Amino acid sequence: MTPAAPTDAELNTMITARLASLGIDLSQLPPGTTSDPVTGSPGRDSVLASLRSFMRGTVANLAAYQLPAPQETAPDAATAAALSQQRAPMLYPSISTEWRR
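Residues numbered from 1 in each chain as written. Predicted model: local features only at pLDDT ≥ 70, side-chain atom pairs only at ≥ 80, totals over all residues. Heavy atoms only, no water.

## So, the pattern of salt bridges
Next up, step 1: Within the structure shown, the criterion is met by 2 salt bridges.
Next up, step 2: Among the salt bridges present, the one from D8 reaches R52, with a minimum N-O distance of 3.6 Å. Taken together, the residues D8 in helix α1 (residues 8–21) and R52 in helix α2 (residues 44–64) connect sequence positions 44 residues apart.
Next up, step 3: The residue R56 makes a salt bridge to D8 at a minimum N-O spacing of 2.8 Å. Of this pair, R56 sits in helix α2 while D8 sits in helix α1, and the two are 48 residues apart along the sequence. (Salt bridge = Lys/Arg side-chain N within 4 Å of Asp/Glu carboxyl O. Helix = DSSP H or I, 4+ residues; strand = E, 2+ residues; numbered from the N terminus.)

As structure tokens, this is what we get:
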């Protein structure tokens, strides 16, 4: 069963909490969608709308990505799912070779 998509209010709460855990306080931004004419800071509602769009689009696409299984594998779904968890290709594999010993 697919979970229900979060509402705007739920995403706002999650975004505000995540940013607060990083030390970013959105209440310092000007309210509404108009930017501050002196500092050029965007409005709080504009920032939240942009971050909600990012969470619904980019984050969902990244979370759904799976590495493709090698072509020589059987079309068995369980085998393909297990093989999709292979190591990501590295530009300099010799660096990580020592880590795996």
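## Brief notes about the nonpolar core
Next up, step 1: I15, L19, L26, L29, V47 and L48 form the largest nonpolar core, which has 6 residues in total.
Next up, step 2: Among the elements of the structure, α1 and α2 are those that each provide at least two residues to this core.
Next up, step 3: Those residues in contact with L26 that sit more than four places away from it in its chain are T16, L19, R44, V47 and L48. (Core = buried A, V, L, I, M, F, W, Y, C linked by side-chain atoms within 4.5 Å. Buried < 20%, exposed > 50% of the residue type's maximum accessible area, 1.4 Å probe, protein only. Contact = heavy atoms within 4.5 Å.)

## Let's talk about the confidence of the model for the protein
Next up, step 1: Here the protein averages 80 in pLDDT, and 64% of its residues register 70 or above.
Next up, step 2: Taken element by element, the protein is modelled with least confidence in helix α4 (residues 93–97), mean pLDDT 65, and with most confidence in α1, mean pLDDT 94. (pLDDT = per-residue confidence, 0-100.)

## A closer look at the environment of T16
Next up, step 1: By secondary structure assignment, the location of T16 is in helix α1.
Next up, step 2: Judged by its relative accessible area of 37%, T16 is partly exposed.
Next up, step 3: With 10 residues separating them along the chain, T16 and L26 place their C-alpha atoms 7.1 Å apart.
Next up, step 4: In contact with T16, not counting residues within four places along its chain, are L26 and L48.

## So, α1
Next up, step 1: For α1, built from 14 residues, the straight-helix expectation of 20 Å at 1.5 Å per residue is met to within 8% by its first-to-last C-alpha distance of 20 Å.
Next up, step 2: Those residues of α1 that sit buried are L11, I15 and L19. Along the axis of α1, the buried residues cluster in a sector spanning 60 degrees; they form a single face. α1 presents A9, T13 and S21 as exposed residues on the side facing more than 90 degrees away from its buried surface.
Next up, step 3: Buried residues belonging to α1 abut α2.
Next up, step 4: Looking one or two residues beyond α1, the residue adopting positive phi is G23, at roughly 90 degrees. (Expected span 1.5 Å × (residues − 1). Arc of directions from axis to C-beta.)

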